Each structure stands twice: as structure tokens, then as C-alpha cells.
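Summary of structural features
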Amino acid sequence: MDCSTTRFVLILLLAAGLGACASVPPPESQMGKADLALRKAEQADAAHFAPLEMRTARTKLEAARVAMREEDNLEARRLAEQAKLDATLAEATAQAAQRQEATDTIRADIEALRVEAERASNRIPGETQ
Amino acid sequence: MPQALVDARADVDAARNDADVVRLAPVQLDEAEEAIKQAEALWYEEKDADEAGHQAYLVIRRVEIARVVTTGAKAMEEGRALARQREAVLLEIRTAEADRALSVAEKRAEEARRDRAAAEQARTEADQARTEAAQARAEAAALAESERKLQEELAELQAKETERGIVLTLGDVLFDVDEATLKAGATQSLARLVRFLKEYPDRQVLVEGHTDSTGTEEYNLGLSQRRADSVVQFLTLNGVAPERAIATGYGQTYPVAGNETAEGRQLNRRVEIVILDPGEKAAEELRPLLPQ
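Each helix and strand in chain A was counted, giving 5 helices and 0 strands. The helix and strand sequence of chain A, counted from the amino end, reads α-α-α-α-α. Taking all 129 residues of chain A together, 33% fall into the buried category. By element, 59% of the accessible surface of chain A is carried by carbon and sulfur atoms, the whole surface being about 8,000 Å².

Most often, soluble globular proteins have nonpolar side chains that are buried together. All names here are of chain B. Judged by nonpolar contacts, the single largest core of 29 residues is most densely connected at L193, V207, L235, I273 and I275. Breaking this core down by element, the ones donating at least two residues are helix 4 (49–156), strand 2 (165–171), helix 5 (187–199), strand 3 (205–210), helix 6 (217–237), strand 4 (245–249) and strand 5 (270–275). Each residue touching I275, except ones within four places of it in the same chain, is listed here: L154, L157, G165, I166, L193, F196, R203, Q204 and V205. Residues V21, A35, I36 and V59 belong to the second largest nonpolar core, which totals 25 residues.

The next point concerns a negative patch on the surface. Where like charges cluster on the molecular surface, the negative patch consists of E147, E161, D277, E284 and E285 of chain B. Note on placement: E284 of chain B falls in the segment after strand 5.

Before going further, it helps to examine the interface of chain A and chain B. The partner chain B presents 33 residues to the 30 residues of chain A that form the contact. A buried area of about 2,700 Å², summed over both sides, lies between chain A and chain B, and 62% of it is on carbon and sulfur atoms. Inspection of the region where chain A meets chain B yields 6 salt bridges. Among the ionic pairs, R107 of chain A bridges to E78 of chain B, the shortest N-O distance being 2.2 Å. Secondary-structure elements contributing two or more residues to the side of chain A that touches chain B are helix 4 (51–69) and helix 5 (73–123) of chain A.

All names here are of chain B. Applying the stated rule across the entire model yields 2 aromatic pairs over all chains. With 5.3 Å between their ring centres and 75° between their planes, Y250 and Y254 make a pair best called edge-to-face. Taken as a pair, Y250 and Y254 share a single burial class, namely buried. The ring of Y200 has R203 sitting right over it, with the charged end atom 6.0 Å from the ring centre.

Let's shift gears to the confidence of the model for chain B. The predicted model of chain B averages 90 in pLDDT, with 99% of residues at 70 or higher. In the predicted complex, the global pTM is 0.54; the interface-specific ipTM is 0.78.

Further remarks concern the pattern of salt bridges. In the structure shown here, the tally under the stated rule is 35 salt bridges over all chains. The salt bridge involving D104 of chain A is made with R107 of chain A; its shortest N-O contact spans 3.0 Å. Taken together, the positions of D104 of chain A and R107 of chain A, both in helix 5 and 3 residues apart, correspond to about one turn of that helix. Residues D109 of chain A and R86 of chain B are paired through a salt bridge, measuring 2.6 Å at the closest nitrogen-oxygen approach. In this pair, D109 of chain A sits in helix 5 while R86 of chain B sits in helix 4, so the two residues belong to two different chains. Judged by its relative accessible area of 30%, D109 of chain A is partly exposed. Linked through salt bridges whose partners overlap, the residues forming this network are R77, R78 and E81 of chain A together with D48 and E51 of chain B.

Conventions used here
Residues numbered from 1 in each chain as written. Chains lettered and ligands numbered in written order. Predicted model: local features only at pLDDT ≥ 70, side-chain atom pairs only at ≥ 80, totals over all residues. Heavy atoms only, no water. Helix = DSSP H or I, 4+ residues; strand = E, 2+ residues; numbered from the N terminus. Buried < 20%, exposed > 50% of the residue type's maximum accessible area, 1.4 Å probe, protein only. Areas by Shrake-Rupley, 256 points an atom, 1.4 Å probe, with all protein chains shown as cover. Core = buried A, V, L, I, M, F, W, Y, C linked by side-chain atoms within 4.5 Å. Contact = heavy atoms within 4.5 Å. Patch = residues over 30% accessible without salt bridge, like charges linked within 9 Å, V, L, I, M, F, W, Y side chains within 5 Å. Salt bridge = Lys/Arg side-chain N within 4 Å of Asp/Glu carboxyl O. Lys, Arg positive; Asp, Glu negative; His and termini not counted. Charge placed at Lys NZ, Arg CZ, Asp CG, Glu CD. Buried area = accessible area lost by both parts, 1.4 Å probe. Phe/Tyr/Trp six-rings, centres within 6.5 Å; stacked < 30°, edge-to-face > 60°. Lys NZ or Arg CZ within 6 Å of the ring centre and 35° of its normal. pLDDT = per-residue confidence, 0-100.

Here's what the structure looks like:
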């Protein structure tokens with residue numbers, strides 16, 4: 001093996017080592033998406049309606065940040081991806097709960113109106129609807 | 001294929017068979033389906049169990065999201081239906097309120113109509129009462145006027161109110177001494193009496209002849225009778241119905257003054273006309289021929 005061959009092998013090895021490292025880049029995009037999803041969920045008041053999912057999402061995003069600092073980018077990506085869907089589920093749960101509340105309010109309204117109408121129609125005797 | 005991916009695939013397939021999820025969360029369902037396909041492909045490519053477990057977690061989360069979105073959409077659908085129902089109930093209530101208000105208004109209008117009718121009735125009655133009052137006043141005035149006129153006419157006849165009625169005393173100027181024929185000048189006051197009797201046809205009269213105590217009683221009775229007869233004859237000749245005037249001679253029975261003096265005797269020689277009240281009959285009011 002001559003010098004140039006050795007150098008070539010070394011370069012190949014280096015490139016492979018670098019490549020091994022470069023095959024798991026820092027999950028910047030996934031982190032950003034998770035962060036955005038969490039903020040959207042917070043705006044939807046998910047902390048109130050889906051506290052468990054929200055806590056899970058926050059914990060995982062925080063863990064992802066720690067993993068990134070420790071250059072465990074694979075773990076960081078997985079945590080970020082999970083945190084994003086946890087947050088999205090929390091947001092959807094909050095939205096569904098709010099819609100259910102609104103619907104229940106309308107149902108109660110109707111009941112109250114019926115009671116009121118009943119009373120009103122009984123106010124003048126002999127005059128029912 | 002790791003169990004986690006098998007379970008995730010089953011989860012996605014179950015969601016795909018749920019008509020509500022298909023209808024209400026199609027985007028999320030598609031994303032879950034895409035995710036399981038990629039996870040399966042990745043597994044065949046790399047056989048990385050850790051990555052497969054991670055991908056399975058993500059797929060199951062996506063199915064959960066699809067289901068929760070479905071629940072929320074259903075709640076919203078129900079809310080819309082209930083909102084429409086609420087509108088219908090409100091409309092019903094407003095209609096009923098309007099009906100009640102209308103019925104109250106109609107009742108008030110009816111009351112107002114009744115009040116107006118009552119007021120109209122009261123006005124009519126008041127008008128009638130006023131008319132009647134005016135009529136009564138007019139009648140009272142007419143009565144007062146006729147009463148006044150009567151009084152005037154009686155005053156003209158020089159009549160006096162006595163307890164026997166209205167008495168008109170004609171002195172001895174009517175006749176000459178011992179005569180029963182009316183003097184020519186006597187007819188003037190008798191003509192006034194005739195006019196009076198014609199004007200008041202409901203009145204009858206007693207015609208009484210009186211003398212002083214000179215001469216015999218029989219003679220005086222006869223003379224006074226003849227003189228009273230002369231007066232009645234004058235009245236009937238002038239159109240007074242005979243039954244309205246009865247002549248009676250009382251002689252010296254009812255003197256009005258003493259017969260001792262010439263003045264007294266002159267007062268006793270007289271004819272008295274008693275004008276009876278309306279409705280009184282002359283035949284029932286005669287004085288007895290002799291005093292009790």
C-alpha cells in the first residue's frame with residue numbers, strides 16, 4: 001500500500017465516519033414543528049381540557065432538547081415527533097371538549113326556554129299555545 | 001412485522017371502517033394511513049425494531065387524533081342542529097307572546113268599545129234628562145204662568161180666597177130694590193165671569209143669593225133665589241153649561257155684617273159666586289139652607 005493509497009483509505013474512513021455522524025442530523029425541523037404544535041395547543045386551552053397529553057408533550061419536547069444538546073439526534077427526533085403529535089392530540093381534545101360544552105349550553109338554553117314558555121303560557125289562564 | 005406495527009395497522013383499519021371518522025376526519029385518517037404505510041415500508045427496508053416501535057406510536061396517535069376530531073365534529077353538528085331547534089323554540093315563544101299580546105290588545109279594544117258605548121249611553125241619557133228637565137221647567141213655567149193668569153183674572157173679578165174656595169161677591173149694585181132683574185150696568189162684571197168660566201171649563205160655580213134681614217124670611221128666600229137664578233140664567237144664556245152653575249137663595253141666613261146699620265145691611269145684600277176647585281161638583285158643595 002503506497003502513501004497515496006493509505007491517504008485515500010484514510011479519507012474514505014474519515015468520510016464514512018463523518019457520514020455516520022451526518023446520517024442523523026440535528027432534528028431542527030421536527031423540534032420547530034413540535035414547538036409550534038405545543039403553542040397551538042396552549043392557545044386552544046388544552047392545558048385545561050387535556051392536561052395529561054399536554055404534560056406528556058412538554059416533557060418529551062424538553063427531553064428532545066436535552067438529547068440534542070447531548071448530540072443524540074436520533075432520540076431527539078423521535079421525542080420531537082412524538083411531542084408534536086401529543087400536542088396535536090391535546091389541541092384536538094380541547095377543541096372537541098369546547099364544542100361539546102357549546103352544544104350542551106344550547107341544549108340547556110332550549111330546556112330553559114321551554115320552561116319559560118310553559119310558565120308564560122300559564123300566566124294568562126285559559127290561553128295555552 | 002413487530003406487534004406494535006400490527007396493532008397500529010389494525011387501529012388504522014378500524015378507523016377506516018368507522019363511517020363517522022371517514023366522513024368527519026378524512027384528512028387525519030389519510031395522514032394515519034400514510035403514516036402506517038411508511039412505517040411498514042421502513043420496517044421492510046431497515047428492520048429497525050426501535051424505529052418501528054416509535055413509528056407505531058406516531059400512527060396510533062394519528063388515529064387517536066382522527067377519532068377526537070370526529071368527536072368534536074359530531075358535537076359541532078349536534079350543536080348546529082340544536083341551535084336550529086333553539087331558533088324554532090324562540091320563534092314559537094315569540095309567536096305565542098305575540099298571540100297573547102294580540103289577545104290582550106283585543107280584550108282592551110273590546111273594553112274600550114264597551115266604555116265608549118257606555119259613555120255614549122250616558123251622554124244620551126244625560127241629553128234626555130236635560131230635555132226632560134227643560135220640558136219640566138217649561139211646564140212649571142207654563143203652570144206658574146197659568147196660575148199667575150188665574151190669579152190676575154180672579155183679581156180682575158175681585159174674587160177672594162176663603163175657606164169655601166174662591167168667592168166673588170157681587171154687591172147689591174146688580175139689582176134694584178126688590179127686583180130680581182139684572183141692571184144694565186151689572187152685566188160687565190158677569191161678562192168677566194163668563195169669560196173666566198169659558199177659559200177654565202173644569203171649574204163649576206155655586207151662585208148664592210143673600211139678603212139683609214129687612215122683610216120676612218120667606219120673602220127674602222124667594223127674592224134671593226130669584227136673584228141667583230137671574231145670574232145663572234145670564235151665565236147659561238152666554239154659553240156656560242147649565243150643570244156648571246147652581247143657583248141657591250139663602251135669604252138672610254148667612255149675613256156677613258150686622259143688620260143694625262145701613263152699611264151692614266148693604267153688605268148683606270149680595271150675590272156670592274163660589275168658584276170651585278177643578279173637579280169639584282157644584283151639586284155636592286151646596287151650603288145648607290139653614291145654619292146649624
